[in-house]
Amino acid sequence: MKKPFYVDSLNYPRFSGIKTFMRLPYTTDLDDVDFAIVGIPFDCGCSFAAGSRFGPQSIREASAILKPYNPVLKIDVQQYCNGIDYGDVLTIPGYMTESLDAIAQGLQPIIDAGAVPICLGGDHSVTLAELRAISKKYGQVALVHFDSHSDTGDLYFGQKYNHGTTFRRAMEEGLLLPEHILQIGLRGPLYSEEQFQFAQSHGFEQLSNWEIREIGLDAVIEKIQQKTAGHPVFVTFDIDFLDAAYAPGTGTPEICGFNTFEAQKLVLQGLRNANIIGGDLVEVLPAADSAGMITSYAAAGIVFDLLSLIADKKRNRK
């Protein structure tokens, strides 16, 4: 039976009530649930500015402005999906490996129930825990990674785990399909010429901002479709994929990024019909947002687009 979805904002003001994502019901009941929004308030993997532990609550607050109908895909998400806000999974401040274990454990019931977890970070280290949990059900998955950074470094001050080593560790742990990894939007200065060597030697396809400007968005959309066809897909979106003019509230901003229209076009057209089995939006740092909540509004919009894709896929199956 279809569950209640959004609070009717025409009869109950958006500035009222508990701030769940899009005012979804807050529950851990996973019966007949298509997707679950999950907060991961953890930022102990940050290499520069901390504070993304407060990202989930800021994104939830900003999401109150959203409405359920996506005019690009021409779909009302609530018509096809039962969605919930599952709340936050456990994290242990100051303890990296223990938190990654706790996050994976906290996500497992959602995945086992067949719901799609869409997580709100937190720094990008949390994605490793998500992929560990996802792999227990789906095995290796295709990865579409929107980011200005590759996050395939090896060690940081001699330590294996931080937000810049996530996808190297994921590859080493056998969580990803090597020939079905696409990193989109890479830019900014590097530590050395060899910084992307590991990724490229292990089958990652990387598209820098400069390359994307040269080949055009439509070519990137085609690459996304080729990489994801026929495979379970995990989508990870670091908010610093966007230019700092559109997302100033992040810990490691880079110039020469993308605008929100370009991001939306790549997500909605590139991932349409993809078998999305999990995803996240990470690295929102509210305290660094000089424009108030513009970063959180952008983040909430991208998350809504992911939910719209899940609904669109379900509509097509019917």
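Position numbers for residues start from 1 in each chain and track the written sequence from start to end. For a predicted model such as this one, the threshold for reporting local features is a pLDDT of at least 70, and the threshold for listing and counting side-chain atom pairs is 80 or more; totals across whole chains, interfaces and linings nevertheless cover every residue. To obtain the side-chain values, all non-hydrogen atoms of the structure were included, while hydrogens and water were left out.

Undergrad: So what's going on with the overall build of the chain? Which residues, and what values?
TA: Note on conventions: DSSP H or I runs of at least 4 residues are helices, E runs of at least 2 residues are strands, and numbering of each starts at the N terminus. Check the secondary structure of the chain and you find 10 helices and 10 strands. For the radius of gyration, the atom set is restricted to C-alpha positions; the globular benchmark scales as 2.2 Å times the number of residues to the power 0.38. Against the 2.2 N^0.38 benchmark of 20 Å for 318 residues, the chain shows a C-alpha radius of gyration of 18 Å, consistent with a compact globule. By its C-alpha atoms, the chain is 55 × 40 × 40 Å across when sized along the principal axes. In the chain, which comprises 318 residues, the proportion classed as buried is 57%. Should any heavy atoms of two residues lie within 4.5 Å, those residues are considered in contact. Across the chain, every contact between residues at least 6 apart in sequence was considered, and the portion connecting residues at least 24 apart equals 78%. Residues counted as positive are Lys and Arg, residues counted as negative are Asp and Glu, and His and the chain ends are not counted. To locate a charge, take atom NZ for lysine, CZ for arginine, CG for aspartate or CD for glutamate. In the chain, 26 side chains carry a positive charge and 38 a negative one; their mean positions are 8 Å apart. The buried label goes to any residue with under 20% of its type's maximum accessible area, the exposed label to any with over 50%, and the partly exposed label to all in between, with areas taken from a 1.4 Å probe on protein chains only.

Undergrad: Could you give me a rundown of unusual backbone geometry, with the residues and numbers involved?
TA: Residue G122 is bonded to the preceding G121 through a cis peptide linkage, with omega at 20 degrees. By the element assignment, G122 lies in the loop between strand 5 (116–121) and helix 4 (126–138). For M22, which is not glycine, the phi torsion reads 55 degrees and is therefore positive. Within the secondary structure, M22 sits in the segment before strand 1 (35–40). Overall, M22 belongs to the buried group, its relative accessible area being 3%.

Undergrad: I'd love a proper account of the pattern of salt bridges, names of residues and values included.
TA: When the charged atoms of two side chains with opposite charge come close together, those side chains can pair. Any Lys or Arg side-chain nitrogen located within 4 Å of an Asp or Glu carboxyl oxygen qualifies as a salt bridge. Taken as a whole and assessed by the stated rule, the structure comprises 16 salt bridges. A salt bridge links D34 to K314; its shortest N-O distance comes to 3.0 Å. Of this pair, D34 sits in the segment before strand 1 while K314 is found in helix 10 (residues 294–317), placing the two residues 280 residues apart along the sequence. In this structure D34 comes out as buried when scored by relative accessible area, which is 17%. A relative accessible area of 18% means that K314 is categorised as buried. Between E172 and R169 there is a salt bridge, and its shortest N-O distance comes to 2.8 Å. Here E172 pairs with R169, and both are found in helix 5 (residues 166–172), just 3 residues apart, close to one helical turn. Given a relative accessible area of 44%, E172 falls into the partly exposed group. A residue is classified by how much of its surface remains accessible, and R169, at 2% relative accessible area, is buried.

Undergrad: Describe in detail the packing of helix 1 (residues 55–62) against helix 10, supporting the description with residues and values.
TA: Each axis is a line fitted through C-alpha atoms, taken for helices only over the stretch in contact, and angles between the N-to-C directions span 0 to 180 degrees. At a minimum axis separation of 8 Å, helix 1 and helix 10 run at an interaxial angle of 75 degrees. Regarding the angle of helix 1 to helix 10, the classification is roughly perpendicular. In contact with S58, I59 and A62 of helix 1, helix 10 contributes S296, Y297, A299 and A300. Classes in brief: Ala, Val, Leu, Ile, Met, Phe, Trp, Tyr, Cys and Pro nonpolar; Asp, Glu, Lys and Arg charged; the others, Gly included, polar. When grouped by side-chain class, the residues that make up the contact of helix 1 with helix 10 number 5 nonpolar, 2 polar and no charged. Each angle gets one of four labels, with under 35 degrees taken as roughly parallel, over 145 as roughly antiparallel, 65 to 115 as roughly perpendicular, and the rest as oblique.

Undergrad: How would you sum up the pairing of strand 4 (residues 83–88)? Please name residues and give values.
TA: Most of strand 4 is tucked away, with 5 of its 6 residues classed as buried. Strand direction decides the pairing type here: strand 1 and strand 4, joined by 5 bridges, are parallel. From the neighbouring strand, V38 faces strand 4, where its bridge partner is G87. The rule for pairing is simple: two strands pair if DSSP sees at least two bridges between them.

Undergrad: Just give me the short version of the state of the cysteines, but keep the residues and values in it.
TA: Counting rule for disulfides: a pair of cysteine sulfur atoms within 2.5 Å. Under the defined criterion, the tally for this structure stands at 0 disulfides. The closest cysteine sulfur to the non-disulfide-bonded C44 is located on C46, 8.2 Å from its own sulfur. Its relative accessible area of 30% is what places C44 among the partly exposed residues. Among the cysteines around C119, which has no disulfide bond, C81 carries the closest sulfur, lying 16 Å off. Residue C119 is classed as buried on the basis of its relative accessible area, which comes to 1%.

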